[in-house]
Amino acid sequence: MIAARNNGFLKNDAGTWEEYKTTRSDKARDVLFYRYSHLIYFMRKRIVKKNPLYEEIEDDLTQEGSIALLKGFESYDPFREIQFEYFIRKSIKGAMFDF
């Protein structure tokens, strides 16, 4: 399925973001987490590839990235002109390096 972009988020995510921002529902949060969790693994893979010493703590990096993603849901404004993927990447990467 190809989804069109609208105001920085996917059109099929618009309802989920609206539900999450208004009700803070666990279901909407879980849907968003599932939708964007690939970013955690992508960032972890890049970090480990550049610095093999991080290989031993990959699970911890995943955990820190997950926490950053969940915190990002709280601070993100879906109606601004920035895509969530770009908004959250720096936070995930920063959380992994701060660990």
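Above: the structure in question.
Not measured: the values here are computed from a predicted model. (Residues numbered from 1 in each chain as written. Predicted model: local features only at pLDDT ≥ 70, side-chain atom pairs only at ≥ 80, totals over all residues. Heavy atoms only, no water.)

Caption draft 1: Main features of helix α3 (residues 38-50). With 13 residues, α3 extends 19 Å from end C-alpha to end C-alpha; this agrees with the ideal 18 Å at 1.5 Å per step. Turning to α3, its buried residues are Leu39, Ile40, Met43, Arg44, Ile47 and Val48. The arc that holds every buried residue of α3, seen down its axis, measures 160°, which confines them to one face. Those residues of α3 that are exposed and angled more than 90 degrees off the buried face are Lys45 and Lys49. (Helix = DSSP H or I, 4+ residues; strand = E, 2+ residues; numbered from the N terminus. Expected span 1.5 Å × (residues − 1). Buried < 20%, exposed > 50% of the residue type's maximum accessible area, 1.4 Å probe, protein only. Arc of directions from axis to C-beta.)

Caption draft 2: Quick peek at the packing of aromatic side chains. Evaluation of the coordinates by the stated rule reveals eleven aromatic pairs. Ring geometry for Trp17 and Phe73: centres 5.7 Å apart, planes at 80°, overall edge-to-face. Here Trp17 is found in helix α1 (residues 11-23), whereas its partner Phe73 is found in helix α4 (residues 58-75), with 56 residues between them in sequence. For the pair shown, Trp17 and Phe73 are each scored as buried. Ring geometry for Trp17 against Phe84: centres 5.1 Å apart, planes inclined by 55°, an arrangement best described as tilted. (Phe/Tyr/Trp six-rings, centres within 6.5 Å; stacked < 30°, edge-to-face > 60°.)

Caption draft 3: How the structure looks around the nonpolar core. By size, the foremost hydrophobic cluster in this structure holds 21 residues, and its most contacted members are Trp17, Tyr36, Leu69, Phe73, Phe84, Ile92 and Met96. Elements with a minimum of two residues in this core: α1, α2 (26-36), α3, α4 and α5 (84-98). (Core = buried A, V, L, I, M, F, W, Y, C linked by side-chain atoms within 4.5 Å.)

Caption draft 4: Molecular detail of the pattern of salt bridges. Evaluated as defined, the whole model comprises five salt bridges. Across the pair Asp30 and Arg29 runs a salt bridge, and its minimum N-O distance is 3.3 Å. Members of the salt-bridge network, linked through shared partners, are Asp26, Arg29 and Asp30. (Salt bridge = Lys/Arg side-chain N within 4 Å of Asp/Glu carboxyl O.)

Caption draft 5: Broad picture of the packing of α2 against α3. Look at α2 against α3: their axes get within 5 Å of each other, and the N-to-C directions meet at 35°. Contacts between α2 and α3 pair Phe33, Arg35 and Tyr36 from the former with His38, Leu39 and Ile40 from the latter. In terms of residue class, the contact of α2 with α3 is made up of four nonpolar, one polar and one charged. (Axes fitted to C-alpha atoms, helices over the stretch in contact; angles between N-to-C directions. Contact = heavy atoms within 4.5 Å. Nonpolar A, V, L, I, M, F, W, Y, C, P; charged D, E, K, R; others polar.)

Caption draft 6: Quick peek at the environment of Glu19. Counting through the fold element by element, Glu19 comes out in helix α1. If we skip the residues at most four places from it in the chain, Glu19 touches Arg24, Ser25 and Ala28.

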